[in-house]
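# Summary of the model geometry
So you can see what is in the structure, the chains are spelled out below.
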Amino acid sequence: MSNKTYDVAVIGGGFFGCEIALHFHERGYKTVIFEKESDLFKRASFINQARVHNGYHYPRSLLTALRSRVNYPAFVRDYREAIYDSFKQYYAVANQPSKVTAVQYRRFCERIGAPLSEAPADIRKLFNSDLIEEVFETEECAFDGNKLRDLTKKKLKKSKIEVRLGTEVELIKSAGKEGILVRFKTGGQEGTLEANSVLNCTYSQINVLNARSGLPTIPLKHELTETVLVKVPRQIEDIGITVMCGSFFSTMPFPARSCHSLTHVRYTPHETWYDKPGKQPKNAHAYLDGSNPRTSFSYMVSDAKRYLSVVSDFKYIESLWEVKTVLPQSEHSDSRPILFVTDHGIKGYICIMGGKIDNIYDALDELDVYYDSKKKNGKKKAH
Ligand SMILES: Cc1cc2nc3c(=O)[nH]c(=O)nc-3n(C[C@H](O)[C@H](O)[C@H](O)COP(=O)(O)OP(=O)(O)OC[C@H]3O[C@@H](n4cnc5c(N)ncnc54)[C@H](O)[C@@H]3O)c2cc1C
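In this text, all values refer to a predicted model and were calculated from it rather than measured experimentally.

## Let's talk about the pairing of strand S19 (residues 349–353)
With five of five residues buried, S19 lies mostly within the body of the structure. Of the two faces of S19, the one lined by Tyr 349, Cys 351 and Met 353 and the one lined by Ile 350 and Ile 352 are each fully buried. By the bridge criterion, three bridges tie strand S18 (residues 339–341) to S19 in an arrangement that is antiparallel. Each bridged residue has a counterpart across the sheet, and for Val 341 the counterpart in S19 is Cys 351.

Here it is, written out as structure tokens:
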């Protein structure tokens, strides 16, 4: 295959990789995207809870809550076509062993400026009042993963950015002073190209590529997760419910399949592991493909129905399995900062991971700061 040269090579055709490629293209950089699957958005950017976070989820991380409050309106504006907001989102605060009380939760929402009101009586009576202290109505929507992918594809087509589907990047290596060599495989055929910058946007696979390229492992936490898709009874078809704060559950619309998701803090993660420096990282996708996990739907229902009896009538549709990746420091606070590591072992090689979909704005800001300072330094050297 021919050995072309690009300004930027983006590895990973999920939401982050595509948006980052578009961002570079708008700045006039010749950009290429590599995606190992047969289509874009086949992985975490489709298999997730579809919540556009507006801060309510993060009473234990004020910074993540505040960043969500800033990014939420921007995301709703920029991805309007993919937004699903024909439902009401309720957050219920459990009694013991919740990590926050209703008073604390109300105060937290005031601090982050998130609209909150008492849920109407017909909603409150859905809950077991012995176990639920208070139910709040909030302002939070969902996104449709199919529509988000289609919107992204439309933008990519218009931009004429080269997208190489079914193409797995095997490794990268320094190609002299300014360039990085990217070695990839399409079908059985190997190829290489060169780029000035390479962005690793492969989410759970970030360290797999680093290890293959002989580069250091970045500490990350992974969870093999199960998101159950369910048909809910008519009375809660137009609502989403999240019980806070700790080992509870959530059920909310999953617009891409016109149903609801059911997730549980205890039963959604089936397995947890860590990428640590000096340890060979597990190939999360290969591991998931080779495993045959059994659904925890019945456990989720057994626990959740104690708080919300209507859960007993949920009808199982299917389980979506994906590896969820977060920074290890998120473990206790449930925060969702982005991973942004520049010049990781090779000048111009950047690893980026957004802990949630709206964090794209934080990632693009960081990229702008990085490239602006690079440009300034370049000018200084030239003088
Ligand atoms: C179960 C779950 C629930 C979640 N819930 C929410 C939520 O409700 N709200 C929210 O905002 N966020 C949520 N998230 C987080 C959100 O899904 C992610 O932050 C986001 O999708 C990450 O996008 P990405 O493009 O980095 O990753 P991905 O969409 O996984 O894209 C990475 C791409 O890289 C490709 N790739 C990997 N290795 C290679 C290689 N060597 N060569 C070429 N291609 C490669 C993969 O095939 C994949 O398509 C959730 C995540 C999970 C897993």
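## Topic: the nonpolar core
Residues Phe 15, Ile 20, Phe 75, Leu 148, Leu 199 and Leu 367 are the most contacted members of the largest nonpolar core, which totals 48 residues. Sorting the residues of this core by element identifies strand S1 (5–11), helix H1 (15–26), helix H2 (62–78), helix H5 (145–159), S19 and helix H10 (360–382) as the ones contributing at least two each. Ignoring anything within four residues of it in the chain, the contact list for Leu 367 reads Ile 20, Phe 24, Leu 199, Phe 340, Ile 350 and Ile 352. Membership of the second largest hydrophobic core comes to 28 residues, among which are Ile 123, Val 232, Val 243 and Phe 314.

## Quick notes on unusual backbone geometry
The omega torsion of the bond from Met 244 to Cys 245 falls at -5°, within 30 degrees of zero and hence cis. Checked against the element boundaries, Cys 245 lands in the loop between strand S13 (239–244) and strand S14 (249–254). Positive phi, close to 65°, is recorded for Lys 160, a residue that is not glycine. With respect to the secondary-structure elements, Lys 160 resides in the loop between H5 and strand S8 (162–164). A relative accessible area of 74% means that Lys 160 is categorised as exposed.

## Things to note about the site of the ligand
The environment of the ligand is made up of 36 residues, and the closest members are Glu 35, Ser 45, Arg 51, Gly 354 and Ile 357. At 3.1 Å, a backbone N or O of Lys 36 approaches a nitrogen atom of the ligand. The backbone of Arg 51 places a nitrogen or oxygen atom 2.8 Å from a nitrogen atom of the ligand. When contributions to the shell around the ligand are tallied by element, the ones reaching two or more residues are H1, strand S9 (167–174), strand S12 (220–231) and strand S17 (315–326). Tallied by class, the residues present in the shell around the ligand amount to 12 nonpolar, 15 polar and nine charged.

## Let's talk about the UniProt feature "domain: FAD dependent oxidoreductase" (unreviewed entry) in the protein chain
Within this numbering scheme, the UniProt entry marks residues 7–313 as carrying the feature "domain: FAD dependent oxidoreductase" (unreviewed entry). Measuring from the first to the last C-alpha atom of residues 7–313 gives 54 Å, for a span that is 26% helix and 32% strand.

## Let's talk about the packing of H1 against H5
At a minimum axis distance of 11 Å, the contact between H1 and H5 shows a crossing angle of 30°. One way to sum up the angle between H1 and H5 is to call them roughly parallel. Judged by the sense of rotation from one axis to the other, the crossing of H1 with H5 is left-handed. Counting all contacts with H1, which are made through Phe 15, Cys 18, Glu 19, Leu 22 and His 25, the residues of H5 involved are Leu 148, Thr 152, Lys 155, Leu 156 and Ser 159. The residue inventory of the contact of H1 with H5, partitioned by class, reads five nonpolar, three polar and two charged.

## Points about the pairing of S13
Burial of S13 is extensive: six of the six residues sit out of reach of the surface. In S13, alternate side chains face the same way, and those of Ile 239, Ile 241 and Val 243 on one face and Gly 240, Thr 242 and Met 244 on the other are all buried. As paired strands, strand S4 (residues 88–94) and S13 are joined by six bridges and run parallel to one another. When the bridges of S13 are listed, Ala 92 appears paired with Val 243. Bridge analysis of S13 against S14 gives two bridges, and the strand direction is antiparallel. The residue of S14 that forms the bridge with Ile 241 is Thr 251. Hairpin geometry of S13 and S14 is characterised by an intervening segment of four residues between the two adjacent antiparallel strands and by a positive phi of about 150° at Gly 246.

## Quick notes on the environment of Leu 22
One can find Leu 22 in helix H1. Note on Leu 22: relative accessible area 5%, which makes it buried. Expressed as a C-alpha distance, the spacing of Leu 22 and Ile 161, which sit 139 residues apart in the sequence, is 7.8 Å. With near-sequence residues (within four places) excluded, Leu 22 lies in contact with Lys 155, Leu 156, Ser 159 and Ile 161.

## A short note on the pattern of salt bridges
Taken as a whole, this structure holds 27 salt bridges when the rule is applied. Notably, a salt bridge pairs Arg 27 with Asp 368, separated by 3.5 Å at the nearest N-O pair. With a gap of 341 residues between them, Arg 27 in the loop between H1 and strand S2 (31–34) and Asp 368 in helix H10 connect regions that are remote in the sequence. On the basis of relative accessible area, Arg 27 is assigned to the partly exposed category, the value being 42%. The partner of Glu 271 in a salt bridge is Lys 282, and the shortest N-O contact between them spans 3.5 Å. Of the two residues, Glu 271 is situated in strand S16 (residues 269–275) and Lys 282 in the loop between S16 and helix H7 (284–290); the sequence distance between them amounts to 11 residues.

Reading the values: the criteria
Residues numbered from 1 in each chain as written. Predicted model: local features only at pLDDT ≥ 70, side-chain atom pairs only at ≥ 80, totals over all residues. Heavy atoms only, no water. Buried < 20%, exposed > 50% of the residue type's maximum accessible area, 1.4 Å probe, protein only. Helix = DSSP H or I, 4+ residues; strand = E, 2+ residues; numbered from the N terminus. Pairing = 2+ DSSP bridges. Core = buried A, V, L, I, M, F, W, Y, C linked by side-chain atoms within 4.5 Å. Contact = heavy atoms within 4.5 Å. Near = heavy atom within 4 Å. Polar contact = N/O pair within 3.5 Å; in protein donor to acceptor, adjacent residues only side chain to side chain. Nonpolar A, V, L, I, M, F, W, Y, C, P; charged D, E, K, R; others polar. UniProt positions renumbered as here; feature names shortened; annotations may be inferred. Axes fitted to C-alpha atoms, helices over the stretch in contact; angles between N-to-C directions. Parallel < 35°, antiparallel > 145°, perpendicular 65-115°, else oblique. Left-handed = near helix turned anticlockwise from the far one by under 90°. Salt bridge = Lys/Arg side-chain N within 4 Å of Asp/Glu carboxyl O.

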